[in-house]
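# Structure at a glance
Chain residues, written in single-letter form:
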Amino acid sequence: MIEREIIHTTPASKRIFDVLQDILQFLVLFVRIILELFVTLVQTFLPKHQKDVSGEIILITGTGHGIGRELALHYASLGSTVVCVDIDEKNNQQTVQKAKRLNIGDVHGFSCDVSKRDEVMALADRVKAEVGPISVLVNNVGIMPTHPILQQSAEEIQRVFDVNVFSQFWTIQAFLGHMQEKNRGHIICLSSIAGLVGIANLVPYCATKFAVRGLMESLHAELREGPYRDLIKTTTIFPYMTNTGLCKHPKVKFPSILGLLDPKQVARRIVEAHRSDVMEVTIPSCLLHINNWTRLLPDHCGLMLKDYIDSGVESDLI
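Below is a short write-up of the structure. (Residues numbered from 1 in each chain as written. Predicted model: local features only at pLDDT ≥ 70, side-chain atom pairs only at ≥ 80, totals over all residues. Heavy atoms only, no water.)

## Thoughts on the packing of aromatic side chains
Per the counting criterion, the structure on display carries two aromatic pairs. An angle of 40° between the planes, with centres 6.5 Å apart, marks the rings of Phe166 and Phe169 as tilted. Placement of the pair is Phe166 and Phe169 together in helix α5 (residues 154–182), with a separation of three residues, close to one helical turn. Assessed through its relative accessible area of 31%, Phe166 is described here as partly exposed. Taking 6.1 Å as the distance between ring centres and 20° as the angle between the ring planes, the aromatic pair formed by Phe166 and Trp170 counts as stacked. On the criterion of helical spacing, the pair formed by Phe166 and Trp170 is a turn pair, its members being four residues apart in helix α5. Feature note: the residues Phe166, Phe169 and Trp170 constitute an aromatic cluster, connected by ring pairs. (Phe/Tyr/Trp six-rings, centres within 6.5 Å; stacked < 30°, edge-to-face > 60°. Helix = DSSP H or I, 4+ residues; strand = E, 2+ residues; numbered from the N terminus. Buried < 20%, exposed > 50% of the residue type's maximum accessible area, 1.4 Å probe, protein only.)

Below, the structure is given as structure tokens:
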């Protein structure tokens, strides 16, 4: 009888011990999180250390105009080797010439339709042979048809996913090996405020930008589980509406607070986020915190706030 009782009580005791051990581990983790939160709050008021990017080979998509062009100029001014990629060869070469006139970083231009996987894979081989393996990838390219869902053609919807989402898969697959070869790297992808909040007249565009957020969050998780945990970093950027020509009919209730952003300002903030190893950032930075806190409210309260802000885009078919 005694032996039988021992057999039945030992597993229960072990389960209790395991539960207590898990609780203790959680309490230790909770204390660490509180301490990290305190450190982060303190660091927000201190100058941020920004890593040197002068030795990096940085490939940027969509450099023919707008944010992509400003990124190329900014990185070149920091002494980086910049690889400019755009389907528009003429405008891309203008960017290359402007960057070369800075006489600081080395600059190269390549024409490629990044929505086509075969072209991207061929581009990766050319860049590696002519420039060298890249260490930083900036997925900037994007298109934005702005009209109601029933007026979006099948071809438009397919194209916006090809350019805004699938191109980022292809470039990551093509260039991640370059970073693994160097044993370091950084992948930066542009989502949008429309990747955090649904906006009328932008249903396909919002869907692509939400997809980019999921792509980057899961890619970050995957990299953390492998041998490149602390060697290849990721940053996702969520810019507010920017004056690049994509927003043909912006609707802004408070232009002094939430007016269209200057592409130069956005490019500067992206480079700062990269150099500070920030995982996610909105431009302006406060919008990420506003969105996160708003998501804690009941749905109708969030909608009331959204109606008050009343910003977005009008249909470009008007």
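## Focus on the packing of α5 against helix α6 (residues 203–224)
Interhelical geometry of α5 versus α6 gives an angle of 20° and a closest axis separation of 8 Å. The pairing of α5 with α6 is recorded here as roughly parallel in orientation. α5 and α6 meet at a crossing whose hand is right-handed. Within the contact between the two elements, α5 uses Ile157, Val160, Phe161, Asn164, Val165, Gln168, Phe169, Ile172 and Leu176 and α6 uses Pro204, Tyr205, Ala207, Thr208, Lys209, Ala211, Val212, Leu215, Leu219 and Leu223. A per-class count over the contact of α5 with α6 returns 15 nonpolar, three polar and one charged. (Axes fitted to C-alpha atoms, helices over the stretch in contact; angles between N-to-C directions. Parallel < 35°, antiparallel > 145°, perpendicular 65-115°, else oblique. Left-handed = near helix turned anticlockwise from the far one by under 90°. Contact = heavy atoms within 4.5 Å. Nonpolar A, V, L, I, M, F, W, Y, C, P; charged D, E, K, R; others polar.)

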